[in-house]
Amino acid sequence: VDLTSVDTNGLTACALAAAAGQAESIRLLVQVSGCDAAAQRDRNGKTPVHFAATLGHDRVAAALLAGRDDGDALLRACDASGCDAMMCACLGGHERLATVWVGKVDLNHRTNDGSGYLHAAAQGGRASIVRLLLTKGCDPAALDTRGRSALRVARAARHAELVAILEPISPAETWGGWVGGLMGA
């Protein structure tokens, strides 16, 4: 059995085990087949660490990163859209992963559309992660390529709690001369 073969989506046994939250399977795959989470990417460029982060499988992520000299680099590896594992954790609301990784990533990282970690947490309605990112120095005024701040993303997604957190520390937003402030604006 070739444990490095891929299915039609480019997923290996390692990626499937990561997505399923199977930490012990990951440990065995690393021992038996040398599962290299850095080299294994699906057709969208996602690594097994992306899958673990997206689904909040902190034990799987730890198993994939354990004992690697390049663990921090693997954590920052981006898929085709520029999304790294921390972005997946922020969007998914996986506070334990975000807390462990926040000091290992560039807080100014942006995806291909210019979204940062704060944008992802705001989109997902993740208040605890927004607070964590702000305490670590994420810039609430940072804009994506469409000119949206995390506050504007939170408003559009109708996350009132996040609007309340971000509005007092964000610069006033204007669109066509009108100052923003309405939910959904």
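Residues numbered from 1 in each chain as written. Predicted model: local features only at pLDDT ≥ 70, side-chain atom pairs only at ≥ 80, totals over all residues. Heavy atoms only, no water.

(A) Region of interest: the layout of surface pockets. Of the pockets and cavities examined, the largest pocket occupies roughly 180 Å³. Taken together, S81, C83, M87, L91, T111, D113, S115, H119, A120, Q123, R148 and V153 form the lining of the largest pocket. Broken down by secondary-structure element, the contributors of at least two residues to the lining of the largest pocket are α6 (85-92) and α8 (117-124). Here the element with the most residues in the lining of the largest pocket is α8; it accounts for three residues. Of the residues that constitute the lining of the largest pocket, the class distribution is five nonpolar, five polar and two charged. (1 Å grid on protein atoms, 1.4 Å probe; cavity = no way out; pocket = protein on both sides within 12 Å on 5 of 7 lines; lining within 4 Å. Points joined across faces, edges and corners; volume = space filled by probe spheres on them. Helix = DSSP H or I, 4+ residues; strand = E, 2+ residues; numbered from the N terminus. Nonpolar A, V, L, I, M, F, W, Y, C, P; charged D, E, K, R; others polar.)

(B) Region of the structure containing the nonpolar core. Counting 53 residues, the largest nonpolar core has L64, M86, W101 and L133 as its most contacted members. For this core, the element with the highest residue contribution is α6, accounting for six residues. (Core = buried A, V, L, I, M, F, W, Y, C linked by side-chain atoms within 4.5 Å. Buried < 20%, exposed > 50% of the residue type's maximum accessible area, 1.4 Å probe, protein only.)

(C) Representation of the pattern of salt bridges within the structure. Applying the stated rule across the entire model yields seven salt bridges. For R96, the salt bridge goes to D58, with nearest N and O atoms at 3.2 Å. Here the residue R96 occupies a position in helix α7 (residues 95-101), and D58 occupies one in helix α4 (residues 58-65), the gap between them amounting to 38 residues. R96 sits in the exposed class, given a relative accessible area of 58%. The closest approach of N and O atoms between E167 and R155, which form a salt bridge, is 2.6 Å. With a gap of twelve residues between them, E167 in the loop between α11 (160-166) and β1 (174-175) and R155 in helix α10 (residues 150-156) connect regions that are remote in the sequence. With a relative accessible area of 35%, E167 lands in the partly exposed category. Residue classification places R155 among the buried residues on the basis of a relative accessible area of 2%. (Salt bridge = Lys/Arg side-chain N within 4 Å of Asp/Glu carboxyl O.)

(D) Focus on unusual backbone geometry. Positive phi, normally seen in glycine, also occurs at R158, with a value near 60°. As for its placement among the helices and strands, R158 is situated in the loop between α10 and α11.

(E) Quick peek at empty space enclosed by the protein. Applying the stated criterion to the full structure yields two cavities of 30 Å³ or more. Taken as a whole, the largest cavity encloses approximately 70 Å³ of empty space. Lining the largest cavity, in full, are L107, N108, R110, G116, Y117, L118, H119, C138, D139, P140, A142 and A150. Ranked by the residues each element gives to the lining of the largest cavity, the list is headed by α8, at three residues. Partitioned by chemical class, the residues of the lining of the largest cavity number seven nonpolar, three polar and two charged. Around the second largest cavity sit G10, L11, T12, A15, Q40, R41, D42, K46, T47, P48 and F51, which together line it. A per-class count over the lining of the second largest cavity returns four nonpolar, four polar and three charged.

The analysis is restricted to geometry; functional conclusions fall outside its scope.
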